[in-house]
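# Fold and contact review
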Amino acid sequence: HDFQSFTSLKKGSKSTVRTINSLDIIENGMVIEIVMNSNDFLLHMARLIVGILLEVGKNKIEAAEVQKILNEKKYTEVSPIAQPKGLCLRDVQYS
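Now for a description of the structure that goes with this document. (Residues numbered from 1 in each chain as written. Predicted model: local features only at pLDDT ≥ 70, side-chain atom pairs only at ≥ 80, totals over all residues. Heavy atoms only, no water.)

### Things to note about the layout of surface pockets
Reported here for the largest pocket is a volume of approximately 1100 Å³. Forming the boundary of the largest pocket are 29 residues, of which M36, F41, C88, L89 and R90 lie nearest the centre. Of all the elements in the fold, those that place two or more residues in the lining of the largest pocket are strand 2 (31-38) and helix 1 (45-57). With 8 residues, strand 2 is the largest single contributor of residues to the lining of the largest pocket. (1 Å grid on protein atoms, 1.4 Å probe; cavity = no way out; pocket = protein on both sides within 12 Å on 5 of 7 lines; lining within 4 Å. Points joined across faces, edges and corners; volume = space filled by probe spheres on them. Helix = DSSP H or I, 4+ residues; strand = E, 2+ residues; numbered from the N terminus.)

Written out as structure tokens, the structure reads:
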């Protein structure tokens with residue numbers, strides 16, 4: 001997919017096409033863990049995806065809106081972005 005809507009990179013600076021191999025949401029008591037695996041991540045991509053998922057979870061936007069946002073290929077300054085604390089890089093794999 002083209003993740004232009006999920007990066008703050010300027011349009012045209014580099015390709016925004018990426019593949020998310022998996023995205024798992026794991027609830028463990030009061031902790032929600034979101035585990036993403038991708039061939040590459042764009043600037044702020046993971047935080048913007050998590051921010052949108054949090055908005056869906058809070059019923060602030062409909063789940064169907066996520067596809068619309070992805071298809072718009074347009075980053076906006078008001079896009080919800082998850083805070084960096086709690087975000088961690090778990091593993092890097094090279095092929």
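### Comments concerning the packing of aromatic side chains
The tally for this structure, following the rule as stated, stands at 1 aromatic pair. Ring geometry for F3 and F6: centres 6.1 Å apart, planes at 65°, overall edge-to-face. Given the relative accessible area of 6%, F3 is considered buried. You can call F6 buried: its relative accessible area is 4%. (Phe/Tyr/Trp six-rings, centres within 6.5 Å; stacked < 30°, edge-to-face > 60°. Buried < 20%, exposed > 50% of the residue type's maximum accessible area, 1.4 Å probe, protein only.)

### A look at unusual backbone geometry
With a phi angle near 65°, H44 is a residue other than glycine that sits in the positive phi range. Secondary-structure assignment places H44 in the loop between strand 2 and helix 1. Residues other than glycine seldom take positive phi values, yet N59 does so here, at roughly 60°. Within the fold, N59 resides in the loop between helix 1 and helix 2 (64-72).

### Topic: the pairing of strand 1 (residues 20-28)
In this structure, strand 1 lies alongside strand 2, joined through 8 bridges in antiparallel fashion. From the neighbouring strand, I20 faces strand 2, where its bridge partner is S38. Hairpin connection of strand 1 to strand 2: 2 residues between the antiparallel strands, including G29 at a positive phi of 65°. (Pairing = 2+ DSSP bridges.)

### A closer look at the side chain of E55
As for its position among the elements, E55 is in helix 1. For the buried E55, no salt bridge exists, and the shortest N-O distance to an oppositely charged side chain is 4.3 Å, to K58. With sequence-adjacent residues up to four places away left out, E55 is seen in contact with K60, I61 and P80. (Lys, Arg positive; Asp, Glu negative; His and termini not counted. Salt bridge = Lys/Arg side-chain N within 4 Å of Asp/Glu carboxyl O. Contact = heavy atoms within 4.5 Å.)

### Some remarks on a nonpolar patch on the surface
Nonpolar side chains collect at one region of the surface, where L23, I25 and I32 lie side by side and expose about 270 Å² of accessible area between them. By secondary structure assignment, the location of I25 is in strand 1. (Patch = residues over 30% accessible without salt bridge, like charges linked within 9 Å, V, L, I, M, F, W, Y side chains within 5 Å. Areas by Shrake-Rupley, 256 points an atom, 1.4 Å probe, with all protein chains shown as cover.)

### So, the environment of I32
Structurally, the position occupied by I32 is in strand 2. On the accessibility criterion, I32 (54% relative accessible area) is exposed. For the pair I32 and F3, spaced 29 residues apart in the sequence, the C-alpha separation amounts to 24 Å. If we skip the residues at most four places from it in the chain, I32 touches I25, I26 and E27.

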